[in-house]
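Breakdown of the fold
Each chain is listed here by its residues.
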Amino acid sequence: MSRAASSSAAGGSSSNPVEEYFARLLDRLPNFFTVFVCDMAGGEVCRVTLDSATTEEGLESTLAASLNVITEQANKLRLGQLQSLVASYDSFSVVYISSSSSAVATFIGSKYCEVGAALELGDEVREVLNRLGDTE
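Residues numbered from 1 in each chain as written. Predicted model: local features only at pLDDT ≥ 70, side-chain atom pairs only at ≥ 80, totals over all residues. Heavy atoms only, no water.

1. A word on the pairing of strand β2 (residues 32-39)
For β2, a buried count of 7 out of 8 residues is recorded, marking the element as mostly surrounded by other parts of the structure. In the sheet, β2 pairs with strand β6 (residues 103-110) via 7 bridges, with the strands oriented antiparallel. Bridge pairing links Thr34 to Ile108 in β6. With 5 bridges connecting them, β2 and strand β3 (residues 44-50) associate as antiparallel partners. Following the sheet pairing, Val37 is matched in β3 by Cys46. (Buried < 20%, exposed > 50% of the residue type's maximum accessible area, 1.4 Å probe, protein only. Helix = DSSP H or I, 4+ residues; strand = E, 2+ residues; numbered from the N terminus. Pairing = 2+ DSSP bridges.)

Structural data, given as structure tokens:
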């Protein structure tokens, strides 16, 4: 069963291969309703949201900025590069996947989302993010 999704990208194009990939990926992840891709400066590259999803205005940009600061600080721990981060809140969860390029993907889902399923797709997502970073 397919869930309808809408997408938007910086620059206003209605559809591109990256958006299509993340729309298909979002359709595979139970109880996730938004994925957005940002560069490390927090600039949005693309966003895919399920048509039925409602999120608080500005939530994505606030999360992107906060998670980028967390990533910078975590990478200073000399434990290696931060690959993923999970945050659980009262009503939703966030899965953040970073790549060796400057792009990061943030998945937002309900409190019942399958976090493990999103993490399992991490290598696949990083491959796409790295290709995206190579083209910028």
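2. Focus on the environment of Ala87
Looking at the secondary structure, you find Ala87 in strand β4 (residues 84-88). Taking C-alpha positions, Ala87 is 9.8 Å from Val115, a pair spaced 28 residues apart along the chain. Contacts of Ala87, omitting those with residues within four sequence positions, involve Phe92, Ser93 and Val94. (Contact = heavy atoms within 4.5 Å.)

3. Structural notes on the packing of aromatic side chains
Counted by the stated rule, this structure contains 4 aromatic pairs. Between Tyr21 and Phe22, the ring centres sit 4.9 Å apart and the planes meet at 75°, which makes this aromatic pair edge-to-face. Across the pair, Phe22 and Tyr21 agree in class, each one buried. Counting every residue linked through ring pairs, the aromatic cluster contains Tyr21, Phe22, Phe32 and Phe107. (Phe/Tyr/Trp six-rings, centres within 6.5 Å; stacked < 30°, edge-to-face > 60°.)

4. Observations regarding the confidence of the model for the chain
Chain-level pLDDT for the chain is 78 on average; 72% of the residues reach the 70-or-more range. Considering each helix and strand of the chain separately, the mean pLDDT is smallest for strand β1 (residues 5-9), with a value of 51, and largest for helix α3 (residues 115-120), with 95. (pLDDT = per-residue confidence, 0-100.)

5. So, the pattern of salt bridges
In total, this model carries 4 salt bridges according to the counting rule given. Residue Asp123 pairs with Arg126 through a salt bridge whose shortest N-O separation is 3.2 Å. Placement of both Asp123 and Arg126 in helix α4 (residues 122-135) is noted, with a separation of 3 residues, approximately one turn of the helix. Judged by relative accessible area, which is 61%, Asp123 ranks as exposed. The salt bridge involving Arg131 is made with Glu127; its shortest N-O contact spans 3.1 Å. Taken together, the positions of Arg131 and Glu127, both in helix α4 and 4 residues apart, correspond to about one turn of that helix. (Salt bridge = Lys/Arg side-chain N within 4 Å of Asp/Glu carboxyl O.)

6. As for the environment of Thr106
With respect to the element layout, Thr106 can be found in strand β6. We classify Thr106 as buried; its relative accessible area is 1%. C-alpha separation for the pair Thr106 and Arg47, spaced 59 residues apart in sequence, amounts to 9.5 Å.

7. Brief notes about the nonpolar core
Counting 36 residues, the largest nonpolar core has Phe22, Leu25, Phe32, Val37, Phe107 and Val125 as its most contacted members. Going through the elements one at a time, α1 (17-28), β2, β3, β5 (92-98), β6, α3 and α4 are the ones with two or more residues in this core. Here the element with the most residues in this core is β2; it accounts for 6 residues. Ignoring any residue separated from it by four or fewer positions in sequence, one finds Val125 in contact with Tyr21, Phe22, Leu25, Ile97, Ala105 and Phe107. (Core = buried A, V, L, I, M, F, W, Y, C linked by side-chain atoms within 4.5 Å.)

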